[in-house]
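Survey of secondary and tertiary structure
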Amino acid sequence: MTNSGKFSNSQISKLTAEGFLRALSTEQVNEILKSRSEFSDDKNWKPYGGAEKNWDRVGVQTSEPVGALAELIINSIDAILMRKAKEKRLDLESEAVPQSMSEAVKLFFPEVQEGKLTLLSQGQRTKLAEKSVLIGIQRKAKRDTCPNYTIVDFGEGQNHGDFEKTFLSLGEKNKDGIPFVQGRFNMGSTGSITFCTRAEIRSGMYKLILSKRNLDDSDGLWGWTLIRVRSPHKGEDLPVVEYFCPNGEIACFEADEIRAFNDRADIGVVKDGGSVVKLYEYDIGPGSRNVDLGLYDALTTSLIDCALPLRFYDFDAKPTKVGLRAEGIAPRTFSGMKTVLKSDDEEGETSRVDFEGVTENSENSSLGTIRISYFVLDKMKEYLRNYSYRMFYTINGQSQAKERASLLRKAQLDDLRNHLLVQIDCNAMDNTARSAVFKPDRERMAQIELTRELKEIVIDSLREDRELRKYAREIKKRRQSEQIEKESSKEFLSDLVKNNLDLQELFDAGDIVVEPVQTSGGEDKYEGKMFPTYLKPTNLEEGDVKSIPINSYRWIVCKTDAQNDYLIREADQGKFLHPMPDVLPNSGSLRNGKFRIKVSPPENAKVKDEISVQFGFNDSNPERTTPLLFDVTIKISNEEKTTTNSGGDKTNTRKKKERSLNFPDIVWVKMEDWDNYNYTEESGGHVSVGEELTVYVNQGNKYLLYLVLRERDEDKREIIRHRFRFGVGILTLAMYKKLIHDAEKENSGRQEDYDEDKVLRLASSAIAAHVVTLIERLGGDK
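Note that this is a predicted model, so its numbers are computed, not measured.

1. Describing the overall build of the protein
When helices and strands are counted, the protein shows 21 helices and 30 strands. Counting the 782 residues in the protein, one finds 55% classified as buried. Approximately 36400 Å² of the protein is accessible, and the part contributed by carbon and sulfur atoms is 47%.

2. Here's the deal with the packing of aromatic side chains
A full pass over the atoms with the stated rule returns 25 aromatic pairs. Plain terms: the ring middles of Phe39 and Phe244 are 4.5 Å apart, the flat faces sit at 40° to each other, and that makes the pair tilted. With Phe39 in the loop between α2 (26-35) and β1 (45-47) and Phe244 in strand β6 (residues 240-244), the pair connects residues that are 205 residues apart, well separated along the chain. Taking the centre distance of 5.9 Å and the plane angle of 45° together, the rings of Tyr677 and Tyr679 count as tilted. On the accessibility criterion, Tyr679 (7% relative accessible area) is buried. Among the aromatic side chains, those forming a connected cluster through ring pairs are Tyr566, Phe576, Phe595, Phe615, Phe617 and Phe630. Directly above the ring of Tyr296 sits Arg332, whose terminal nitrogen or CZ lies 5.6 Å from the centroid. The ring of Trp555 is capped by Arg596, whose NZ or CZ atom sits 4.0 Å from the centre of that ring.

3. Description of the sheet that holds strand β25 (residues 628-637)
The strand order across the open sheet formed by four strands is β19-β25-β24-β21, and the pairing between neighbours is mixed. The open sheet terminates on both sides in strands that have one partner only, identified here as β19 (545-549) and β21 (575-577). Ignoring strand direction, the axes of neighbouring strands in this sheet form an average angle of 30°. Both β21 and strand β24 (residues 610-618) contribute to a ladder of three bridges, which runs antiparallel. For Leu577, the partnering residue across the bridge sits in β24 and is Gly616.

4. With respect to the layout of surface pockets
Here the second largest pocket is characterised by a volume of approximately 1600 Å³. If you trace the second largest pocket, you find 48 residues lining it, with Ser100, Ser102, Glu103, Asp425 and Asn427 closest to the centre. Elements supplying a minimum of two residues to the lining of the second largest pocket: α5 (101-108), β14 (370-377), β15 (389-395), β17 (420-425), α10 (431-437) and β21. In terms of residue count, α5 provides more of the lining of the second largest pocket than any other element does, five residues in total. Classifying every residue of the lining of the second largest pocket by side-chain character gives 15 nonpolar, 17 polar and 16 charged.

5. Regarding helix α6 (residues 122-129)
Among all positions in α6, only Arg125, Thr126, Leu128 and Ala129 are buried. The arc enclosing the buried residues of α6, seen along the axis, measures out at 165°, which places them on a common side. Contacts from the buried residues of α6 go to β2 (133-138), β11 (310-314), β12 (330-334) and α8 (337-342).

6. Re the pairing of strand β29 (residues 685-689)
With five of five residues buried, β29 lies mostly within the body of the structure. Residues Gly685, Val687 and Val689 line one face of β29 and the alternating positions His686 and Ser688 line the opposite face, and both faces are buried. As paired strands, β29 and strand β30 (residues 693-698) are joined by five bridges and run antiparallel to one another. Counterpart to His686 in the pairing with β30 is Tyr696.

7. A closer look at the pairing of β19
Across the five residues of β19, four count as buried, placing the element largely inside the fold. Across five bridges, the pairing between β19 and β25 is parallel. Along β25, the bridge assignment pairs Ile548 with Ile636.

8. As for the packing of helix α1 (residues 10-22) against α2
Interaxial distance between α1 and α2 falls to 9 Å at its minimum, and their mutual angle equals 165°. With respect to each other, α1 and α2 are oriented roughly antiparallel. Here α1 and α2 pass one another in a crossing that is right-handed. On α2, the residues touching Thr16, Gly19, Phe20 and Arg22 of α1 are Gln28, Val29, Ile32 and Leu33.

9. Concerning the pattern of salt bridges
For the structure shown, the criterion picks out 47 salt bridges. As a salt-bridge pair, Glu467 and Arg591 come within 3.8 Å of each other at their nearest N and O atoms. Placement of the pair is Glu467 in helix α12 (residues 466-479) and Arg591 in strand β22 (residues 586-591), with a sequence separation of 124 residues. Note that Asp565 and Arg569 form a salt bridge whose closest N and O atoms lie 3.7 Å from each other. Residue classification places Asp565 among the partly exposed positions, given a relative accessible area of 31%. Judged by relative accessible area, Arg569 falls into the buried class, the value being 9%. Linked by salt bridges that have partners in common, Glu27, Lys140, Asp144, Arg198 and Glu281 make up one network.

Cut-off values and rules
Residues numbered from 1 in each chain as written. Predicted model: local features only at pLDDT ≥ 70, side-chain atom pairs only at ≥ 80, totals over all residues. Heavy atoms only, no water. Helix = DSSP H or I, 4+ residues; strand = E, 2+ residues; numbered from the N terminus. Buried < 20%, exposed > 50% of the residue type's maximum accessible area, 1.4 Å probe, protein only. Areas by Shrake-Rupley, 256 points an atom, 1.4 Å probe, with all protein chains shown as cover. Phe/Tyr/Trp six-rings, centres within 6.5 Å; stacked < 30°, edge-to-face > 60°. Lys NZ or Arg CZ within 6 Å of the ring centre and 35° of its normal. Pairing = 2+ DSSP bridges. Axes fitted to C-alpha atoms, helices over the stretch in contact; angles between N-to-C directions. 1 Å grid on protein atoms, 1.4 Å probe; cavity = no way out; pocket = protein on both sides within 12 Å on 5 of 7 lines; lining within 4 Å. Points joined across faces, edges and corners; volume = space filled by probe spheres on them. Nonpolar A, V, L, I, M, F, W, Y, C, P; charged D, E, K, R; others polar. Arc of directions from axis to C-beta. Contact = heavy atoms within 4.5 Å. Parallel < 35°, antiparallel > 145°, perpendicular 65-115°, else oblique. Left-handed = near helix turned anticlockwise from the far one by under 90°. Salt bridge = Lys/Arg side-chain N within 4 Å of Asp/Glu carboxyl O.

Here it is in structure tokens:
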């Protein structure tokens, strides 16, 4: 161990910090720590957050490494917006400050129209990213599974004397009450620590922070510290997170600039101030660690609507083309999932969004207003298709919780699992409800009644969307290439169940069949106007009255000439004007010249109550200065008499008595269609629930192919295929019904993360290996 000077010497401090910046492995960090005696003195290390016992807070922040990294990025964006606000001398406690991230971007970056990155060109986004947030990705060796991530932001930065109440604090209210920033829990920085140094506590979990204030109150110095996790000492039960603080002060030095990436002078250079955070050998997980596109793809499902763009530099790419890529550096600009879906990326590719829709829901007075947007894709990119989540609850564009594709079954849109992405924007949600529903780790939702009500609103909105149901039918029709088998499968099933009561119960209509919806064909393409000129209700009673049963809901259907994207588009977006949910629960959706408003009685309504309300549209149309409004009186009428089937669906009493057998289609999935169904060679089958239930069976299952290949007689081969198709199909259907029945039981003990579709697919794969052999042996075949 050597000492060539004291840390009070600015040059020694600078050289040490630069050494940590260049380090690419735990071993290299340890070599620096061994080189100076200050690091071996426990007096020079302080507990993170000032708490000797801090692992019980830091160590349980999050279980998702990508989500933890996203928190650091959000902190960087916050720092940039805070710098801009302070440069404008805004009073952060006044109501005049921007009320959301997008409003802040619109104010602070005038070149970003409406504060939406989707309205910028790819070149404009890159230019903005290069002065916002940079992320360098480097590996100890080319194929290393745990890259080093260096995050650079040109935000407000911090004086070294303020590190302990900002970067190194736990629970401080540094951003509390500021509506245009996201990181309000003051814990985002700690979540990443547990994934550093390959997520191995004994390796130290090292993380480096450098920062210089970028405002008038700057002391002109770069402060820095190294964070580590040490094993418990005698008398301690848990590890302790510490930071380096020689002689009780954060180390600092003077420098004209910091070169964050390999001492390069062209990228990653910070001069006036900002912050640099380095995560050593970060265990980000399979797929996400891939060169070039790994981080880009991973963040797509965490940052749905990114406030500012990010610029990535992966230093381990294969040399190609010209510029940085010729040096083996892959640059890429990331702007969030919505930009990935709706705009060209750097390779000139764009996801084809067939159409999109939005429902603004104010049906629940406890929850407030929820904005549900969806994107329907002709073909989902592979990394999204392989990702099991399809619905994202967001605040300021960052995912707070996610729902698996299997939830689409409850909306009867299972055929869209590889075509539909849904964003549930909770910015306007009631603050108290939002805090109760979403956990600080931005992964989980509390298992409370409000959460269940929120999920029901989302499911109902998707289920009631006519365009989604129509598209689901088109997808299903497109996939069923072997239409000739449809009738033959139903004939076979009809013969099979004639004398079998158990199978008759399996195909009972009440459990599995959804009433089909009539569709109209040959529709002309609707155009509409950018700014609507009218909004007229068409189904009100005399005197502009709408009667609603006290136990149900009704639709107010309006004619309008608004474009389909009027309430969705990024620029000149229209607004749906409606009463608050405690006055009248409501939601609205627009499509093809019709605006449909769903209205329900308020919580404390009584029969004969009358509620006078207004609905309308408002926008930035320069030729119209007043909103398009209409008045309606809601009359609460007597209870509507309905009955329910075993699935909880309201049905007509007369129809309930007409018991009939309803056979699902059992359809082959060819090998070339595996991607559409997330199949592999071991997949058996799965159940798809749309307006009709369909059972899909894998025609390319490896056990089926083996049995067919072993049999020389073609007639017997066909018998094997027949037995496999119907054996796997019927057993998969039976397991599906059992799983759904158990999942719907109250107090079933089902875990929040339980995925019925995943369980069904695993079970179906297991039976597929043996079903034909069992049928042969039990049936007496030799």
